[in-house]
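Here's the letter readout for the chains.
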Amino acid sequence: MKAPAGSGWGWAAATVSWVLLLQLHPLTRTLGYEQAMAMALWQGTFLLYHLASWSDAEGAGGGAWGRLAVRLLVLLLLALGVALVAEGVRGFCGLSQGLAWWAALVFALVPWTLVLALVLRRLCGERRAWIVASLGVLWLVSSASALAFFYAHPPLRVLHVWLGPISGSIYDEAVGGLDVAWLHRTWLALWAALYMLVLRWPRPIVGSHVALLVLVLALLGVVYANRAPWGLELHRAFVERELGGRLESARYVVYFERAAFDATRRDALMEDIDRRYEDLVAFWGVVPRHQLRLYIYASAESKGRLTGSRSTMLARIWQSEAHLVWRGPEDELLAHEMAHLFLRDDGRGPFRLSARWGLVPQMSLVEGSATAAAWGAPELTYHGWAAALVRADMAPSVEAMLGARFWQQPGPLAYTLAGSFVRWLIEERGGVEPFRAWYASGGPPTQVYGQDLGALEEEWRSMLLSLPLAASEVDAARARFGRASLMGRVCGREVARAMEVAREAARAGGRGEALEASARALRLDPEDGRRTLEVAHLWRSVGALDEALELALRAAEEEGWAWSLRVGGALLASDLLVLRGDEGRARGLIERASSWPLQGEQRLALWLRQAALEERERSPASAEALTLWWVMAPRTEAWARYAALVEAALREAHPAVLVTLAPSVGERPDAALQLWGQIMALDAAALPLEARERLLLARVEGVARSVSDAAACALWRHYAETLPHHRALGARARLAVERCER
């Protein structure tokens, strides 16, 4: 029986409709990873069903193969044409990269689809219900195996037969793995070739047929043997073997990159883990019943290679396991991921999360709890930043962040608000026990707190509005959290990919490629102020000083941007003007920027640059050392700049030099005592707030090293009583006091 005459047109219309439906979502409307994966989904279900049930595809000979191939390719080319037209109307983001994903995920799947269509046709005949059932079983098996692999092994990237490599990372804006996608499709094509060779085994046996069969089997064996190094199957044993380092205690086992951690760095890591563990035991009031497993990567690059994700730090709570890049002592990321593991026994469902009915994760509670426990935001605490967001009218309701809606918000904003809310609950509503009960239930808070979520949120916001904030801090929040989420940005994936290419090229010394890729990112999204400053700094690093200066001046003069972005442009422009010998213009720009609303480190940076430019006659050594440190960073080795600062401090004891040195005094043991003495004697009352905070930290370290830990604890107690609670240093002082009491 022949297929109905209009069936081909019907499937063409259905395919076009599917492509048009994809235009409704920001990530699937552009040529790229998500759109190609959605088309692979269409090909692996509806088009496969169409081919398998098409009555003109009888048998499994060459004629049937050819008819199926023609029909499938026509439908896929039609889909690609519609997608190209739709994006062309809006303007292409990344045509070449998008076509590469289509080629790897869609067109390279054709041999596998054709073979499956022939198999289904051969097994099921024209019984379409059987075809549907067989497709369901195939999808179920493939999806279940991918989920099982993710559940049992560290990587965030898993392989699905039709969808290809699926990235579980939610914070890697630049999607990688195109090479893995091609390898996976090659693997499937080899299996398709093996099936066709076996199906059409000749009688009598032909030597060429045997040779081809041996070749296909050999290639399959090579791919299988290298599946882990080539990224197809990043299983646990491979990750642990590649890291190479392992340390174990009764509390935890730590896997780390042996090549990147010498004895000193390894000891610092283990001390940091011990401190954080004790902090979390004190905060949550519970000792984990399971041994923690911590996988520590030396860089985002190595983490991306071993797990398929560069930027997403992950706590696999159900396995008491965390994966992260360690940036040094007191790194908040370590505390954040470990904090997740402490609530494993309070979680529900297969992933041990706060989940309503054990199924719907309450991500605002999951991530809010870890943020509240780690409590390591820069400059302001999370309460301070949340207060600034409320004042800037940028804070969505807590209810709007429940469940999966949490991921619809920009990541930094959602973590900050959720962390502040949870911390407030713990501090003001009965401590950790009621919160852990709410976390465990995953339901409304009424049964625990006796108030609904709206009432609790209203009290929390009232607390935030009572915090004393400067207008500049609210402006800084607009710049810090104002970037839309990936789904709300123009060509977000392609911009992120272009910047990743630019950064890698800059590290490798590829000046031309770095300039070209970063300029492309700017053309795609010219109104992103943070991106503009990032590109300007990158251009400076590769020696494109004139171009960087032009971009920095543009940022400084862009009236629609946040003040903190404009100050950032002025700082970079002043450095570049000094490099050109135009100190007068640099001084004028710094003086002008000093009259703008200033916040945090920018106020300190402007003050230090003013000192470098204005103290040449009274303190020439200090002015020269400050210029070398702040302006000549890309051109002078760090050790030479640091040595110049130390010599200037020993000779002239200028406040700006001592403030610059404060975080690293201990790196020069031969001069540390004298430098700490100068810092202790310095009258800091007239200095900027951030300069005073730097000196306070240096004084604590100096007292601890030169007097005693007890004296340092007494100093921390004084800071905890006198520093504002919404400042990050005040929070650090209170944590230090808790450690002293333990």
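Above this text is the structure in question.
Residues numbered from 1 in each chain as written. Predicted model: local features only at pLDDT ≥ 70, side-chain atom pairs only at ≥ 80, totals over all residues. Heavy atoms only, no water.

Novice: Before we go on, may I ask you to explain the overall build of the protein in this structure?
Specialist: From N to C terminus, the protein includes 33 helices and nine strands. Against the compact-globule benchmark of 27 Å for 742 residues, the protein has a radius of gyration of 30 Å, which places it among compact chains. Considered along the principal axes of its C-alpha atoms, the protein spans approximately 95 × 60 × 50 Å. Counting over 742 residues, the protein shows a buried share of 54%. (Helix = DSSP H or I, 4+ residues; strand = E, 2+ residues; numbered from the N terminus. Rg over C-alpha atoms; globule rule 2.2 N^0.38 Å. Buried < 20%, exposed > 50% of the residue type's maximum accessible area, 1.4 Å probe, protein only.)

Novice: Could you clarify how one ought to interpret a negative patch on the surface in this entry?
Specialist: Where like charges cluster on the molecular surface, the negative patch consists of D262, D267, E271 and D274. Here E271 is to be found in helix α10 (residues 263–284). Residue classification places E271 among the partly exposed positions, given a relative accessible area of 48%. (Patch = residues over 30% accessible without salt bridge, like charges linked within 9 Å, V, L, I, M, F, W, Y side chains within 5 Å. Areas by Shrake-Rupley, 256 points an atom, 1.4 Å probe, with all protein chains shown as cover. Salt bridge = Lys/Arg side-chain N within 4 Å of Asp/Glu carboxyl O. Lys, Arg positive; Asp, Glu negative; His and termini not counted. Charge placed at Lys NZ, Arg CZ, Asp CG, Glu CD.)

Novice: So what exactly am I meant to see when it comes to helix α5 (residues 110–124) here?
Specialist: Note: α-helices contain 3.6 residues per turn, so residues at a spacing of three or four share the same orientation. Spanning 15 residues, α5 covers 21 Å between terminal C-alpha atoms, matching the ideal 21 Å at 1.5 Å per step. With eleven of 15 residues buried, α5 is to be regarded as a mostly interior element. Downstream of α5 by a residue or two, G125 has a phi angle that is positive, lying close to 60 degrees. (Expected span 1.5 Å × (residues − 1).)

Novice: Is there a simple way to explain a nonpolar patch on the surface in this structure?
Specialist: A cluster of nonpolar residues, F92, L95 and L99, forms a patch on the protein surface that exposes about 230 Å² of accessible area. One can find F92 in the loop between α3 (62–90) and α4 (95–105). Assessed through its relative accessible area of 38%, F92 is described here as partly exposed.

Novice: So what exactly am I meant to see when it comes to the sheet that holds strand β3 (residues 244–248) here?
Specialist: Sheet strands associate in pairs through backbone hydrogen bonding, adopting either a parallel or an antiparallel arrangement. Sheet architecture is open: five strands sit in the order β3-β4-β5-β7-β6, paired in mixed fashion. Only two strands of the sheet have a single partner each, and these edge strands are β3 and β6 (314–316). The average undirected angle you get between the axes of adjacent strands in this sheet is 15 degrees. Looking at chain direction, strand β4 (residues 252–257) and strand β5 (residues 292–297) are connected through five bridges and run parallel. Paired with F256 across the bridge in β5 is I296. (Pairing = 2+ DSSP bridges. Axes fitted to C-alpha atoms, helices over the stretch in contact; angles between N-to-C directions.)

Novice: Would you take a moment to explain the environment of E652 for this structure?
Specialist: Counting through the fold element by element, E652 comes out in helix α28 (residues 638–652). It is 70 Å that separates the C-alpha atoms of E652 and G221, two residues lying 431 residues apart in sequence.

Novice: Can you help me understand the state of the cysteines in this one?
Specialist: A covalent bond between the sulfur atoms of two cysteines is referred to as a disulfide. Throughout the structure, instances matching the rule amount to two disulfides. Across the disulfide, C93 is cross-linked to C491 (sulfur-sulfur distance 1.8 Å). In this structure the cystine formed by C93 and C491 twists about its S-S bond by roughly -70 degrees; its chirality is therefore left-handed. With C93 in the loop between α3 and α4 and C491 in the loop between α19 (471–481) and α20 (492–507), this pair connects stretches of sequence that are 398 residues apart. Relative accessible area serves as the criterion here: at 7%, C93 is assigned to the buried category. (Disulfide = S-S within 2.5 Å.)

Novice: Explain unusual backbone geometry here, please?
Specialist: In this structure, S320 is a non-glycine residue whose phi angle is positive, near 55 degrees. Along the chain, S320 turns up in the loop between β6 and β7 (321–325).

Novice: Can you walk me through the packing of helix α26 (residues 601–614) against helix α31 (residues 689–706) in this structure?
Specialist: In a packed pair of helices, the relevant descriptors are the angle between the two axes and the axis-to-axis distance. One can describe the packing of α26 onto α31 by two numbers: an axis separation of 7 Å at closest approach and a directional angle of 95 degrees. By the angle between their axes, α26 is roughly perpendicular relative to α31. Between α26 and α31, the contacting residues are E601, R603, L604 and W607 on the first element and E690, A691 and R694 on the second. Class assignment of the residues belonging to the contact of α26 with α31 gives a composition of three nonpolar, no polar and four charged. (Parallel < 35°, antiparallel > 145°, perpendicular 65-115°, else oblique. Contact = heavy atoms within 4.5 Å. Nonpolar A, V, L, I, M, F, W, Y, C, P; charged D, E, K, R; others polar.)

Novice: Is there a simple way to explain the nonpolar core in this structure?
Specialist: Grouped burial of nonpolar side chains is what soluble globular proteins tend to show. Among the nonpolar cores identified, the biggest contains 86 residues, and V254, I273, W284, I296, F421, F435 and W460 are the most heavily contacted of them. Ranked by residues supplied to this core, first place goes to helix α15 (residues 411–428) with ten residues. The contacts of V254, once residues within four sequence positions are left out, are G245, R246, L247, L269, M270, I273, L294 and I296. Ranked by size, the runner-up nonpolar core spans 74 residues in total, among them L538, L589, L645 and V665. (Core = buried A, V, L, I, M, F, W, Y, C linked by side-chain atoms within 4.5 Å.)

Novice: Help me understand the environment of Y719, please; the structure alone is not making it clear to me.
Specialist: In this fold, Y719 is placed in helix α32 (residues 709–722). For Y719, a relative accessible area of 5% puts it in the buried group. A C-alpha to C-alpha distance of 18 Å links Y719 and G384, two positions 335 residues apart in sequence. Discounting residues that sit within four places of it in the chain, Y719 has contacts with L696, R699, V700 and A733.

Novice: What is the right way to read the environment of G666 from this model?
Specialist: Of note, G666 is situated in the loop between α29 (655–661) and α30 (669–681). Expressed as a C-alpha distance, the spacing of G666 and Y719, which sit 53 residues apart in the sequence, is 21 Å. Setting aside residues up to four positions removed in sequence, G666 forms contacts with W676, E701 and R705.

Novice: What is the right way to look at the packing of aromatic side chains in this model?
Specialist: For any pair of aromatic rings, geometry is given as the distance between the ring centres together with the angle between the planes. Tallied over the entire structure, the rule returns 29 aromatic pairs. Members of the aromatic cluster, each reached through a chain of ring pairs, are F283, W284, F435, W438, Y439 and Y449. Of note, R265 hangs over the ring of F261, and the distance from its end group to the ring centre comes to 4.2 Å. Geometry around W596 places R566 over its ring, the cationic atom sitting 4.7 Å from the centre. (Phe/Tyr/Trp six-rings, centres within 6.5 Å; stacked < 30°, edge-to-face > 60°. Lys NZ or Arg CZ within 6 Å of the ring centre and 35° of its normal.)

Novice: Help me out: how do you make sense of the pairing of β7 in this one?
Specialist: The element β7 is extensively covered by neighbouring structure, given that five of its five residues are classed as buried. Going residue by residue along β7, you find E321, H323 and V325 tucked away on one face and A322 and L324 tucked away on the opposite face as well. Where β5 and β7 come together, five bridges link them in parallel fashion. When the sheet's bridge partners are listed, L294 is paired in β7 with A322. Here β6 runs beside β7; their pairing, made up of three bridges, is antiparallel. In the sheet register, A315 faces β7, and the bridge partner there is A322. In this antiparallel pair of consecutive strands, β6 and β7, the connection spans four residues, and S320 shows a positive phi of 55 degrees.

Novice: Can you help me understand the pairing of strand β1 (residues 157–160) in this one?
Specialist: Every other side chain in a regular strand lies on the same face of the sheet, so the side chains alternate between the two faces. Strand direction decides the pairing type here: β1 and strand β2 (residues 164–167), joined by four bridges, are antiparallel. Bridging across to β2, R157 finds its partner in S167. The hairpin turn running from β1 into β2, its antiparallel successor, is three residues long.

Novice: Before we go on, may I ask you to explain the pattern of salt bridges in this structure?
Specialist: As a working rule, side chains carrying opposite charge can pair if their charged atoms are close by. By the definition in use, this model includes 40 salt bridges. The residue R520 makes a salt bridge to E494 at a minimum N-O spacing of 3.4 Å. A residue pair is termed long-range when its members are at least 10 positions apart, and R520 in helix α21 (residues 511–524) and E494 in helix α20 qualify at 26 residues.

Novice: Got a minute to help me understand the packing of α28 against α30 in this structure?
Specialist: Two elements in contact, α28 and α30, have axes whose closest approach is 10 Å; the angle formed by their N-to-C orientations is 55 degrees. The angle between α28 and α30 falls in the class oblique. Like other packed secondary-structure pairs, α28 and α30 cross with a definite hand, here left-handed. Contacts from V646, A649 and L650 in α28 reach A671, Q674, L675 and Q678 in α30. A class-by-class count of the residues in the contact of α28 with α30 yields five nonpolar, two polar and no charged. (Left-handed = near helix turned anticlockwise from the far one by under 90°.)

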